[in-house]
Structures are given as structure tokens and as C-alpha cells.
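Now for the letters of each chain:
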Amino acid sequence: MNDVATVCRAVDRVPGMFYLPEYFKPREYLPVLEKLLATSPLRHMETSRGFKMSAAMSNCGALGWISDRKGYRYETVDPLTGNAWPAIPEQLSSLAADAAKTAGYANFNPDVCLINCYEPGAGMSAHRDSDEADYDHPIVSLSLGLPARFFVLGNERKGRSVPLDLASGDVVVWGGESRLFYHGIRPLKAGEDVVFGARRFNLTFRKAG
Ligand code: SIN
Ligand code: FE2
């Protein structure tokens, strides 16, 4: 898949988290993403308190993560279309499984891929990915488009954060001790990516069911 040697770096002060820079060629995934989003379009979901999230979202997989006035959860049906979420394309599930394996998490078999789309100014406040049934599985995160600053806290939503600058083609994998660590995305800076335009896509693969 890669014509350069794969780098997989343990992230300082975040046990179980690995950074894989330039792990994949983002351009190859634009048509894949466009096809998915033609089936289940991006939308700004609402929190239980009625706030619109600044990142637009969609999903592919047997399950999809949603937020609305009733809270956060996984659903088999896209509430926007009334249909099942599109399946995770093989190209994406194998990329996620390969990255997990490289980071030391063998046999990762995701059933969810949450698609986040950020425009300049959008971000994601500190949260943890805790709606999954079993925390033994890692989270695999792919970045495409504009760069962003990812930050990681610990098991509490406070303290000094560890910054990680993510560029298009980078992957982050976390599990084990850091599986439930708080993390988020700082508001995106303005810019233009040659492939994705003034946007950043993030795909997070999870095993939720
Ligand atoms: C997330 O935590 O779900 C998104 C992370 C990212 O956009 O890199
Ligand atoms: Fe997250």
C-alpha cells in the first residue's frame, strides 16, 4: 500500500496511542468518500441540550453514531434517510485494520466509521469515545484535507493536554490505557487543501456492537 517505510510512533505521555504519519494517500479516498456521502449525507447533529455541533457528520457501517435531543447512541438506520447506513468499503476497513495491526492491535474489525467534516472555525470539544459496547477494541482515526490540532487529556476532562498536529494522510490509533482518554480538535484554521478544498475530513473506525 505504501511506497515509503511506515512510521508508527508511540505518542509521548499517552500510553496506548500511536501516530502513523503519511500512512495513506488521501487522494485515493476522495471518490470513496463522495460515494458514501451521496447515500448518507453530512449533517450537523444536535446535542441533547439543543446545540448544533460545528463538525458535520455521517457514518458508514452496520452501526452509525448519532446525537440528537435524546442523547448519543449508535443506530443501525440513518435517521436522515430512513435507510441503513452504507457499508464500510473494503478499501477503508482494510486500511483501518492494517493501521491498528501496525500499532499493535491485531484483528481489528470495525462495524462503525464515523465521518466528521470540519470547515475552518469548526472543532470538537474534549470528549471521550465511550458509547461502544467493549473497550478492548481500539479507535482508528484517519485525517484527510486541511491540517488540524488534535489534543489529548487523560481520564479526566481537565489538565495539561498533549497536542498532536494531524495532516492529510495521517492516522492515529489509540486503545489500552488511553482508550477512554478525553480528546478533541482545536478550531480549524482557514486554508485550502489541494484535494479536499477548505475542509478536513476525519474518519474514526470503531467496534461498537
Ligand atoms: C473525534 O474525536 O471523533 C474526532 C477526532 C478528529 O477529528 O480527529
Ligand atoms: Fe472522539
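For the structure, see preceding data.
Everything numeric in this text was worked out from a predicted model, so none of it was measured.

**Q** Mind laying out the environment of Pro26, listing which residues take part and the relevant values?
**A** Note that Pro26 resides in the loop between β2 (17-20) and α1 (30-39). Contact partners of Pro26, with chain neighbours within four places excluded, come to Leu144, Ser168, Gly169 and Phe196.

**Q** Explain the sheet that holds strand β10 (residues 162-166) to me, using residue names and the numbers behind them.
**A** The strand order across the open sheet formed by 4 strands is β7-β12-β9-β10, and the pairing between neighbours is antiparallel. Each of the sheet's edge strands pairs with one partner strand only, and the pair in question is β7 (124-127) and β10. Adjacent strand axes in the sheet meet at a mean angle of 15 degrees when their direction is disregarded.

**Q** Can you break down the coordination of the iron ion (ligand 2) residue by residue, with the values?
**A** Protein coordination of the iron ion (ligand 2) is provided by His127 (NE2), Asp129 (OD) and His183 (NE2), with donor distances spanning 2.1 to 2.3 Å. If you look at the iron ion (ligand 2), its 4 donor atoms make angles of 89 to 174 degrees with each other, and the shape they trace is irregular. All donors of the iron ion (ligand 2) belong to a single chain; written as a sequence motif, their spacing is H-x1-D-x53-H. Of this pair, Asp129 sits in the loop between β7 and β8 (139-145) while His183 sits in strand β12 (residues 183-185), and the two are 54 residues apart along the sequence.

**Q** Go over the environment of Asp78, please, and point to the residues and values.
**A** Within the secondary structure layout, Asp78 lies in the loop between β5 (71-75) and α2 (90-102). Under the relative-accessibility criterion, Asp78 is labelled buried at 0%. Between the C-alpha atom of Asp78 and that of Thr39, which follows or precedes it by 39 residues, the distance is 9.9 Å. Sequence-distant contacts of Asp78, that is, excluding residues within four places in its chain, are made with Ser40, Arg43, Asn83 and Trp85. Of the polar contacts made by the side chain of Asp78, one reaches the backbone nitrogen of Leu80; its length is 2.8 Å.

**Q** Tell me about the packing of aromatic side chains, and please be specific about residues and values.
**A** Scanning all chains against the criterion turns up 5 aromatic pairs. Ring centres 6.5 Å apart and planes at 70 degrees place the aromatic pair Phe18 and Tyr105 in the edge-to-face group. Highlighted residues: Phe18 in strand β2 and Tyr105 in the loop between α2 and β6 (112-118), separated in sequence by 87 residues. Of note, Arg186 hangs over the ring of Phe151, and the distance from its end group to the ring centre comes to 3.8 Å.

**Q** Before we move on, can you summarise the pairing of β8 with the specific residues and values?
**A** Every other side chain in a regular strand lies on the same face of the sheet, so the side chains alternate between the two faces. Most of β8 is tucked away, with 7 of its 7 residues classed as buried. Judged from the 6 bridges that link them, β8 and strand β13 (residues 200-206) form a sheet pairing that is antiparallel. Paired with Val140 across the strands is Phe205, a residue of β13.

**Q** Can you lay out the site of ligand 1 for me, pointing to particular residues and giving the numbers?
**A** As a matter of local geometry, ligand 1 sits amid Asn116, Tyr118, Met124, His127, His183, Ile185, Arg200, Asn202 and Arg206. Here an oxygen atom of ligand 1 sits 3.0 Å away from a polar atom, N or O, in the side chain of His183. At a separation of 3.1 Å, an oxygen atom of ligand 1 approaches a polar side-chain atom of Asn202. Here ligand 1 has 260 Å² of accessible area as a free molecule, and 99% of this is covered by the chains. Among the secondary structure elements, those contributing two or more residues to the shell around ligand 1 are β6, β7, β12 and β13. Broken down by element, the shell around ligand 1 gets its largest block of residues, 3 residues, from β13.

**Q** Please set out the environment of Glu28 residue by residue, giving values where relevant.
**A** Its location among the elements puts Glu28 in the loop between β2 and α1. In sequence terms Glu28 and Val195 are 167 residues apart; their C-alpha atoms lie 9.8 Å from each other.

**Q** Residue-level account of unusual backbone geometry, with values.
**A** Although it is not a glycine, Glu22 adopts a positive phi angle of roughly 45 degrees. Mapped onto the secondary structure, Glu22 falls in the loop between β2 and α1.

**Q** Give a description of the nonpolar core that names residues and reports values.
**A** In this structure, Leu92, Val140, Leu142, Val171, Leu203 and Phe205 are the most contacted members of the largest nonpolar core, which totals 33 residues. Residue assignment for this core shows that the elements contributing at least two residues are α1, β3 (56-61), α2, β6, β8, β11 (171-174) and β13. Apart from residues no more than four positions distant in its own chain, Leu142 is found in contact with Phe24, Leu92, Leu95, Asp170, Val171, Phe201, Asn202, Leu203 and Phe205. Membership of the second largest hydrophobic core comes to 32 residues, among which are Met45, Tyr118, Ala122 and Leu188.

What counts, and where the lines are drawn
- Residues numbered from 1 in each chain as written.
- Chains lettered and ligands numbered in written order.
- Predicted model: local features only at pLDDT ≥ 70, side-chain atom pairs only at ≥ 80, totals over all residues.
- Heavy atoms only, no water.
- Helix = DSSP H or I, 4+ residues; strand = E, 2+ residues; numbered from the N terminus.
- Contact = heavy atoms within 4.5 Å.
- Pairing = 2+ DSSP bridges.
- Axes fitted to C-alpha atoms, helices over the stretch in contact; angles between N-to-C directions.
- Donors = N, O, S within 2.8 Å, 3.2 Å for Na, K, Ca; no water.
- Tetrahedral: all angles 85-135°; square planar, octahedral: opposite > 155°, others 65-115°.
- Buried < 20%, exposed > 50% of the residue type's maximum accessible area, 1.4 Å probe, protein only.
- Polar contact = N/O pair within 3.5 Å; in protein donor to acceptor, adjacent residues only side chain to side chain.
- Phe/Tyr/Trp six-rings, centres within 6.5 Å; stacked < 30°, edge-to-face > 60°.
- Lys NZ or Arg CZ within 6 Å of the ring centre and 35° of its normal.
- Near = heavy atom within 4 Å.
- Areas by Shrake-Rupley, 256 points an atom, 1.4 Å probe, with all protein chains shown as cover.
- Core = buried A, V, L, I, M, F, W, Y, C linked by side-chain atoms within 4.5 Å.

Function cannot be inferred from these measures alone, as they are strictly geometric.
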